[in-house]
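Residues per chain, in single letters:
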Number of protein chains: 2
Amino acid sequence: MVTIKKIADLCGVSRGTVDRVINDRGNVKPETRELVLNMAKQLGYKPNPAGKALSARKKHPVVGVLLSSEGNPFFEDVIRGIKLAAEKYEIYGLKVIWRNMRGYDVSSQYEIMEDLKDKVNALIINPVNDPVIIKEIDEFVDTGIFVVTVNNDVDNSKRQCYVGSDYINGGETAGALLQMIIPSGANIGIIMGSSKVLGHKQRLAGFEKNISKNPKFKIVDIQENDDDDISSYDKTKIMLEKHKEINAVFIVAAGVYGACRAVLSLDKQNDLTIIAFDTVPTTIEMMKKHVIKAVIYQHPYRQGQRAMQIVFEYLVNGISPDKSKHIMKNEIKILENL
Amino acid sequence: MVTIKKIADLCGVSRGTVDRVINDRGNVKPETRELVLNMAKQLGYKPNPAGKALSARKKHPVVGVLLSSEGNPFFEDVIRGIKLAAEKYEIYGLKVIWRNMRGYDVSSQYEIMEDLKDKVNALIINPVNDPVIIKEIDEFVDTGIFVVTVNNDVDNSKRQCYVGSDYINGGETAGALLQMIIPSGANIGIIMGSSKVLGHKQRLAGFEKNISKNPKFKIVDIQENDDDDISSYDKTKIMLEKHKEINAVFIVAAGVYGACRAVLSLDKQNDLTIIAFDTVPTTIEMMKKHVIKAVIYQHPYRQGQRAMQIVFEYLVNGISPDKSKHIMKNEIKILENL
DNA sequence: TTGTACGCGTTATCAC
DNA sequence: GTGATAACGCGTACAA
């Protein structure tokens, strides 16, 4: 096994020098630097995480977690994943600052970020895809703060890593699933969250792309509920009353419960095939009532866990993520394999 | 943060004594033992894995991996998972001895185990569920070897942990899925591996249990292929020729490719709904050809990774698994979300 | 029965 | 620029 000490001995220098070279701390003569670097490469030096972790304790690394989790049960599992990982890493001196907000308001998110800026070494964030936030993320990174976006990503930022699902594929999978369940064709009503949310748009695009290959499937109407259950209830009710020919409903984002209640209030649960996303408690309830046939599941728990793990490996072990995107598979869940 | 040193100071004893108490090495006066134990509990002492890992290096822990992977592509992903984890842990001095065998022959497995017995500190095994093997597993554990069964478990052994799927639930999920795809009902032909394999029997039981609730679904025939593609091809062909009424095929274990080739040779791929297990390359090929509609997936990669992780945490960090069974979910995979 | 001292690999802090 | 040294937390061999 190759250690700093071994490299130092072989190069005829001290451990300190090798450390300076490997961690780019400067104050090393270029030729010794070269020598050490070559030796390290030749021997295939890999720093020992245990050693790093042990000495990292003194740094007391802090990670901020900022999620739009208030009133959004989807994030419960993400939080559970983050929390479990954080507990595991507590022993290494890792501290977590939790911040949550409601909805996707740019200025609220910006304010919380500003507040966190001088308090954390890393940030796990479910970001609003807005120029203001993107700029702020870049500033975090420039300040030396390690940023991981979770569940949603933003366009072209300096964030080190994204952990989440492939939204387009989620929509495609939902489309294919629908065709598998109703091979004879369907008139589809779509309830989406907001066309301002990138992920929702992508899911819809994936769904449309897949469904458009089959002439027996037609999208009759698309309504936005802004992820709100009451709005979802109203919009769904109106949609179903207006388009009696609808025999399938695709719920793209939140507001699943509201939409299902609308279906129940019209007593249409036996005439409709409903597909939705995520296994929040109210959705499971509706699956048990056989209102929802199937959902697409994006491993929220693992998203949270993975995000925290990536932060830990960077902060404590000094290991940068191997991929800039960690994508969770879209799974199909029915009542039996929840 | 609470360390051994801190406990020692607070109790007015030395670090050595605290270590003796915590690791039950004896040679401690009962009253000091009590004192230390109380203090540790009160402060919520958790040993630091980094420290443990660092000192564990001197032990050079070795883990044996014994899988029936020869000629069984399912295990490719399990192996990938084990390998990746093992590489990650290499730096801690963890070494792996790989052994693979073909099929489920008791005496071959026993012989390899005997050979490994004095070479390893832990064993990851895909065991044959046979008294001889169970006894051998127990002997391993008695010798102080940490045993994790993967993918298959055995009845009532001393093995510390099982990592795998819930086979009964896998069958149930398959049954429910079939009913979702063909709501009008089906005459089902079943191709199973071997009734001697517990997992296969359990899958069948789960499937039958689920399907039996619906009078529109009937099992017409059940054939065993012994996980062999040629046998699978023949049996499937005969079954489909004999029972023209069959419109759905449930393939319980391996031999998926053989069964599908039989379907293709009879040009029945458009008249049959086929459900199978696992996403081995030949199965994916058949999904792309639209011969297989959907498969149940049991996270083979994660099974491997998890098994190795559990071994690592025990051997290097001294942490025993929190659960004696680590069950992976049965996922539904169609072409789109593979 | 108990205490001491060292090593594991890395990093930070001195002193030169 | 560089080298020596002291942590970090744990396990263990050895001394008392």
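As recorded by an unreviewed UniProt entry, chain A carries the name Catabolite control protein and is attributed to Megamonas hypermegale. Its UniProt record gives chain A a comment under Subcellular location (unreviewed entry), which states: "Cell envelope".

Asks: Please provide a residue-by-residue account of the sheet that holds strand E11 (residues 325–328) of chain A, values included.
Replies: All names here are of chain A. Here six strands make up an open sheet; going across it, the order is E2-E1-E3-E4-E5-E11 and the pairing parallel. In this open sheet, the two strands that pair with only one neighbour each are strand E2 (95–100) and E11. Each neighbouring strand pair of the sheet contributes to a mean axis angle of 15 degrees, computed without reference to strand direction. Bridge count for strand E4 (residues 146–150) against strand E5 (residues 161–165) is three bridges, and the pairing is parallel. Within the sheet, the bridge partner assigned to Val150 lies in E5 and is Val163.

Asks: Could you give an account of the nonpolar core, with specific residues and numbers?
Replies: Of all hydrophobic cores here, the largest spans 48 residues; its most connected members are Leu178, Ile188 and Phe250 of chain A together with Leu178, Ile188 and Phe250 of chain B. Look past the residues within four positions of Phe250 of chain A in its chain and what remains in contact with it is Ala174, Ile188, Gly189, Ile190, Ile191, Phe207, Ile275 and Phe277 of chain A.

Asks: So what's going on with the interface of chain A and chain B? Which residues, and what values?
Replies: Contact with chain A, which involves 36 residues of that partner, is made by 36 residues of chain B. Summing the contributions of chain A and of chain B, the shared interface buries around 3200 Å²; its carbon and sulfur component is 61%. Close ionic contact of Lys333 of chain B with Glu331 of chain A constitutes a salt bridge, the shortest N to O distance being 3.2 Å. Counting across the interface, chain A meets chain B through eight residue pairs in polar contact (both at pLDDT 80 or more). For the side of chain A that touches chain B, the secondary structure elements donating two or more residues are helix H4 (49–56), helix H5 (74–90), helix H8 (167–181), helix H13 (300–315) and strand E12 (331–333) of chain A. At seven residues, the largest contribution of residues to the side of chain A that touches chain B is made by H8 of chain A.

Asks: Describe the protein's contact with DNA strand C, with residues and values.
Replies: As a matter of local geometry, DNA strand C sits amid 28 residues, with Ile4 and Tyr45 of chain A together with Ser14, Arg20 and Lys29 of chain B nearest to it. Sugar and phosphate atoms form 66% of the subset of DNA strand C atoms that lie within 4 Å of the protein. At 3.3 Å from a phosphate oxygen of DNA strand C is found a side-chain nitrogen or oxygen belonging to Asn23 of chain A. Separating a phosphate oxygen of DNA strand C from a side-chain N or O atom of Thr17 of chain B is a distance of 2.9 Å.

Calculation rules
Residues numbered from 1 in each chain as written. Chains lettered and ligands numbered in written order. Predicted model: local features only at pLDDT ≥ 70, side-chain atom pairs only at ≥ 80, totals over all residues. Heavy atoms only, no water. UniProt positions renumbered as here; feature names shortened; annotations may be inferred. Pairing = 2+ DSSP bridges. Helix = DSSP H or I, 4+ residues; strand = E, 2+ residues; numbered from the N terminus. Axes fitted to C-alpha atoms, helices over the stretch in contact; angles between N-to-C directions. Core = buried A, V, L, I, M, F, W, Y, C linked by side-chain atoms within 4.5 Å. Buried < 20%, exposed > 50% of the residue type's maximum accessible area, 1.4 Å probe, protein only. Contact = heavy atoms within 4.5 Å. Buried area = accessible area lost by both parts, 1.4 Å probe. Salt bridge = Lys/Arg side-chain N within 4 Å of Asp/Glu carboxyl O. Polar contact = N/O pair within 3.5 Å; in protein donor to acceptor, adjacent residues only side chain to side chain. Near = heavy atom within 4 Å.

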